[in-house]
Amino acid sequence: MSTPRSTALATSISTAALALAALAAMNAARSAPAEIAIPGQRVFPESITSAGGRLIIGSIAHREILEVKPGASAATPWIAPDDAAGAGVYGVFADDRSHTLWACFSEFPGAHGGGASMLKAFDLASGALKARYVLPGRDAFCNDIAVGPDGTAYVSDTNNMQIDRLARPAASLEVWAGNGAFGPRGGILDGVSVLGNRVIVNTLETSKIFAVVIATDGKAGAISEVKLSRPILEPDGMRAFGKDSVLLVESGGPGRLSKLTLHGNTGEVTTLKEGYPQGPVSVTVVGASAYVLEGQLDLLFGKGTEDRPTQPFHATAVEVGAP
């Protein structure tokens, strides 16, 4: 039976623990480097994610996954190149709840022998491969990943303009949503996030945002285009930010980090930072900072750029505060 004294002591301990946690978060924010260096020439990083203060980055051309340990200012190799010589790493997504790093492996310009596009699952601590899943459909292209509260993984298939899903504990991916709802082939279905009972996805070429309802049985419900408060320019990577917003990068124009706040099927777009000359491709949040990754992908996908040298690759921090 509790007493006033024991209750007061418990409250005091709880308050002290919260204070220590807040202090640790403040110290982590202070120690977070303003810039993360990604060593190497023609690395072409495409996606960034975070877990436990670590940053994890996928490289298309080097075909490896790198990590940045908490407080470090440079990325180091972590998961070695895939055994398929033509498969580069595109989207990466760290899911703390399942201790899994999800990664998309797909072909890239100039590479041969990449084989089928795949979603792979790695142990988030050791980097050991846990499973691999071939995307369904012809010419599939695994681009990016998001994970729902129930552990279901949602994957954007860029070429087929559809979302695939891996429901736990299913043994294979299945086509979940699409069938022309996101536009015809060539629209480049790209970034994907989960907000509540909806999957949010964007199209890089046509610069649109769509919301797909997750029905109670897990199937795809209504698909709606989100009406935006201002036009966006070639959206790429997105990450959920709180209950009703996503952070997204706009790779077109000057390059922007923006926040999209959703109200039903309308979205308020707020520019958080403008000016990413090397092409922003992805964003992730650590503490109160968002790290924006620039990929220089015009030198990989542009014609006649094969021999042009790259600038030093990096990700830079932007203070975004709490969601």
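What counts, and where the lines are drawn
Residues numbered from 1 in each chain as written. Predicted model: local features only at pLDDT ≥ 70, side-chain atom pairs only at ≥ 80, totals over all residues. Heavy atoms only, no water. Disulfide = S-S within 2.5 Å. Helix = DSSP H or I, 4+ residues; strand = E, 2+ residues; numbered from the N terminus. Buried < 20%, exposed > 50% of the residue type's maximum accessible area, 1.4 Å probe, protein only. Pairing = 2+ DSSP bridges. Axes fitted to C-alpha atoms, helices over the stretch in contact; angles between N-to-C directions. Lys, Arg positive; Asp, Glu negative; His and termini not counted. Salt bridge = Lys/Arg side-chain N within 4 Å of Asp/Glu carboxyl O. Polar contact = N/O pair within 3.5 Å; in protein donor to acceptor, adjacent residues only side chain to side chain. Contact = heavy atoms within 4.5 Å.

**Quick look at the state of the cysteines**
In total, this model carries one disulfide according to the counting rule given. A disulfide bridge connects Cys104 with Cys142, and the sulfur atoms are separated by 2.0 Å. The sign of the -55° torsion about the S-S bond sets the Cys104-Cys142 disulfide as left-handed. Here Cys142 lies in strand 10 (residues 142-147) and Cys104 lies in strand 7 (residues 100-107), a separation of 38 residues in the sequence.

**With respect to unusual backbone geometry**
Leaving glycine out, the prevailing phi sign among residues is negative, and the prevailing peptide bond configuration is trans. The omega angle of the peptide bond from Arg168 to Pro169 is 5°, so this bond is cis rather than trans. Mapped onto the elements, Pro169 comes out in the loop between strand 12 (162-166) and strand 13 (174-177). Its identity as a non-glycine residue notwithstanding, Met161 has a phi of 50°, on the positive side. Its location among the elements puts Met161 in the loop between strand 11 (153-157) and strand 12. For Met161, a relative accessible area of 2% translates into the label buried. For Ser207, which is not glycine, the phi dihedral falls at a positive 55°.

**Regarding the pairing of strand 19 (residues 235-241)**
Taking burial as the measure, the seven residues of strand 19 include six buried ones, the bulk of the element. Strand direction decides the pairing type here: strand 19 and strand 20 (residues 245-250), joined by five bridges, are antiparallel. Looking at the pairing, Phe241 lines up with Ser245 of strand 20. Hairpin connection, strand 19 to strand 20: the antiparallel pair is bridged by three residues, and Gly242 has positive phi, about 80°.

**Here's the deal with the pairing of strand 25 (residues 313-319)**
Among the seven residues in strand 25, five count as buried, and that is most of the element. Relative to strand 25, strand 1 (residues 35-38) runs antiparallel, the two sharing four bridges. Each residue of the ladder has a partner; that of Ala37, found in strand 25, is His314. Where strand 24 (residues 289-294) lies against strand 25, six bridges are found, and the strand directions are antiparallel. Along strand 25, the bridge assignment pairs Leu293 with Ala315.

**Looking at the sheet that holds strand 3 (residues 54-59)**
Taken together, four strands build an open sheet; the order of strands is 2-3-4-5 and the sheet is antiparallel. The two strands at the open ends of the sheet, each matched to only one other strand, are strand 2 (45-51) and strand 5 (76-79). Neighbour-to-neighbour, the strand axes of the sheet open up by a mean angle of 35°, direction not taken into account.

**Focus: the side chain of Asp164**
The residue Asp164 is located in strand 12 in this model. This buried residue, Asp164, is left without a salt bridge; Arg165 holds the nearest opposite charge, at 9.4 Å. One polar contact links Asp164 to Gln162, side chain to side chain, over a distance of 3.5 Å. Aside from chain neighbours lying at most four places away, what touches Asp164 is Leu135, Pro136, Ala153, Tyr154, Val155, Asp157, Leu173, Glu174, Val175 and Trp176.

**Topic: the sheet that holds strand 11**
With antiparallel pairing, four strands are arranged side by side in an open sheet as 10-11-12-13. Looking at which strands have only one partner, the edges of the open sheet turn out to be strand 10 and strand 13. Strand-to-strand, the axes of this sheet are offset by a mean angle of 35°, without reference to chain direction. Alignment of strand 12 against strand 13, held across three bridges, turns out to be antiparallel. The residue of strand 13 that forms the bridge with Ile163 is Ala177.

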